[in-house]
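This is what each chain is made of:
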Amino acid sequence: MTYAQNHLSRAAPLASWAPWSDRAGRLSWLKLACFLAMAAPAAWMALQWQLGWLSPKPFADLVRESGDWAMRILVLSLAVTPLRWVTRWNKLILVRRMLGLAALFYSLAHIALWCADLKFEWWNILVEMFVRIFLTTGLAATLIMIALGVTSNDYFIRRLGAKSWNALHAWVYAAALLSLAHFFIEIRLDATEAALTSGFFVLLMAFRFVRKKLNPGLVTLCATAVVCALATAATEAAYYAISTRVPVMRVLSANLDFSYTIRPAWWVLGAGVLIALLAAWRNRVSPAPSVMRRSAAI
Ligand code: HEM
């Protein structure tokens, strides 16, 4: 049963609209925790503004901060399904919509702050959006996210039917790719966070792919993590080679120098291996019933 079918079949007639309620209208601690976590960056930004902790260009600071959070939360929302497969903690699905809407919220706040920075000079804003390629990619991503946000409720699941609804919501991958392109084009100096976020995105996509196409055991999942880590290192090196002309080998060898920082490729490898081990442990504790049947060797 797909998410949409499952969602509809369990729809409660009097479902509460509160973000911390489950579909039966009861308090869900998971949703409450997620809601508070999603509200925290906005509260932190408001506090920095209120206490004057921002630089002399507060709007520029907040545009960057809100953009970072929109990007992080968007990728986090894509982690829900793989984590559900691995942990078999089905309740995780309760927070997927909230994460998607939070990503949309931070994207819209990001755009509003940018418009405020440009003093709401609409003609200028419009020209910038269509002339600067990095803004056009951001705009395309936002339009997709708005379409997904608007249709993320029961009404549209019923209206479109489960199959079309799932096909429409697969556009989230395009939104994530466009947002990553927007991020990479915008970078001025340090590509660490962009490389890290794109590495996690690739890892999540790869895990989805191997689960669908292969019968992944621990070794396959660990090998996938290694390939994704190498791809992250290669992306980072390619970015610096193209934008700053730093030799590829110099950036690649920085991955083996731990005196300054741990490069993104290692974090991607760590996350991938952790997920693989979690899957192996989960399957040992209770062998796969249905969802994980195909990956019984994990
Ligand atoms: C119409 C849509 C958008 C516009 C006009 C826009 C505008 C901008 C601008 C002007 C910056 C540069 C900030 C600076 O360097 O001072 C920026 C950076 C950024 N944007 Fe967007 N953006 C849009 C959509 C998005 C979306 C949908 C996402 C992610 C989901 C996103 C994520 C980011 C990120 C991660 C940065 C880099 C922040 C940093 O440097 O730390 N943006 N955006």
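Residues numbered from 1 in each chain as written. Predicted model: local features only at pLDDT ≥ 70, side-chain atom pairs only at ≥ 80, totals over all residues. Heavy atoms only, no water.

### What about the site of the ligand?
In the vicinity of the ligand lie 22 residues, with Arg64, Asp68, His110, His182 and Glu186 positioned nearest. Between the ligand and His110, the relevant distance is 2.7 Å, taken from a nitrogen atom to a side-chain nitrogen or oxygen of the residue. With respect to the ligand, the side chain of Arg188 contributes an N or O atom lying 3.2 Å from an oxygen atom. If you map the ligand onto the pockets, it falls in the second largest pocket. When residues of the shell around the ligand are traced back to their parent elements, those giving at least two are helix 3 (58–87), helix 4 (96–117), helix 6 (133–150) and helix 9 (172–186). (Near = heavy atom within 4 Å. Polar contact = N/O pair within 3.5 Å; in protein donor to acceptor, adjacent residues only side chain to side chain. 1 Å grid on protein atoms, 1.4 Å probe; cavity = no way out; pocket = protein on both sides within 12 Å on 5 of 7 lines; lining within 4 Å. Sits in = over half its atoms within 2 Å of the grid points. Helix = DSSP H or I, 4+ residues; strand = E, 2+ residues; numbered from the N terminus.)

### Observations concerning the coordination of the iron atom of the ligand
Think of it this way: four donors in a tetrahedron around the metal ideally sit 109.5 degrees apart, and six in an octahedron ideally sit 90 or 180 degrees apart. Looking at the iron atom of the ligand, the protein donor atoms are His110 (NE2) and His182 (NE2), and they sit 2.0 Å from it. Around the iron atom of the ligand sit six donor atoms, and with donor-metal-donor angles ranging over 85 to 180° the site reads as octahedral. Of this pair, His110 sits in helix 4 while His182 sits in helix 9, and the two are 72 residues apart along the sequence. As far as burial versus exposure is concerned, His110 and His182 are alike and both buried. (Donors = N, O, S within 2.8 Å, 3.2 Å for Na, K, Ca; no water. Tetrahedral: all angles 85-135°; square planar, octahedral: opposite > 155°, others 65-115°. Buried < 20%, exposed > 50% of the residue type's maximum accessible area, 1.4 Å probe, protein only.)

### Structural notes on the packing of helix 11 (residues 218–244) against helix 13 (residues 264–285)
With their axes 8 Å apart at the nearest point, helix 11 and helix 13 run at an angle of 165° to one another. Taken together, the axes of helix 11 and helix 13 are roughly antiparallel relative to one another. Judged by the twist between their axes, the crossing of helix 11 over helix 13 is right-handed. Counted together, Leu218, Leu221, Cys222, Ala225, Val226, Cys228, Ala229, Thr232, Ala233 and Glu236 of helix 11 and Pro264, Ala265, Val268, Leu269, Gly272, Val273, Ala276, Leu277, Ala279 and Ala280 of helix 13 form the full contact between these two elements. Partitioning the contact of helix 11 with helix 13 into residue classes produces 17 nonpolar, two polar and one charged. (Axes fitted to C-alpha atoms, helices over the stretch in contact; angles between N-to-C directions. Parallel < 35°, antiparallel > 145°, perpendicular 65-115°, else oblique. Left-handed = near helix turned anticlockwise from the far one by under 90°. Contact = heavy atoms within 4.5 Å. Nonpolar A, V, L, I, M, F, W, Y, C, P; charged D, E, K, R; others polar.)

### Considerations on the domain arrangement of the protein
For the protein, the assigned domains are domain 1 (1–186) and domain 2 (189–298). Each of domain 1 and domain 2 was reduced to a C-alpha centroid, and the two centroids are 24 Å apart. Residue-level contacts link 18 residues of domain 1 with 25 residues of domain 2. It is Trp85, Arg88 and Phe184 in domain 1 that bury the most area against domain 2; as a group they hold 39% of the surface buried on that side. Inspection of the region where domain 1 meets domain 2 yields one salt bridge. Glu193 is the salt-bridge partner of Arg72, the closest N and O atoms lying 2.6 Å from each other. Inspection of the region where domain 1 meets domain 2 yields five residue pairs in polar contact (both at pLDDT 80 or more). Elements represented by at least two residues in the side of domain 1 that touches domain 2 include exactly helix 3 and helix 9. Take the side of domain 1 that touches domain 2: its biggest share by element is eleven residues, from helix 3. For the side of domain 1 that touches domain 2, the residue count by class is 13 nonpolar, two polar and three charged. (Domains from an automatic or database assignment. Buried area = accessible area lost by both parts, 1.4 Å probe. Salt bridge = Lys/Arg side-chain N within 4 Å of Asp/Glu carboxyl O.)

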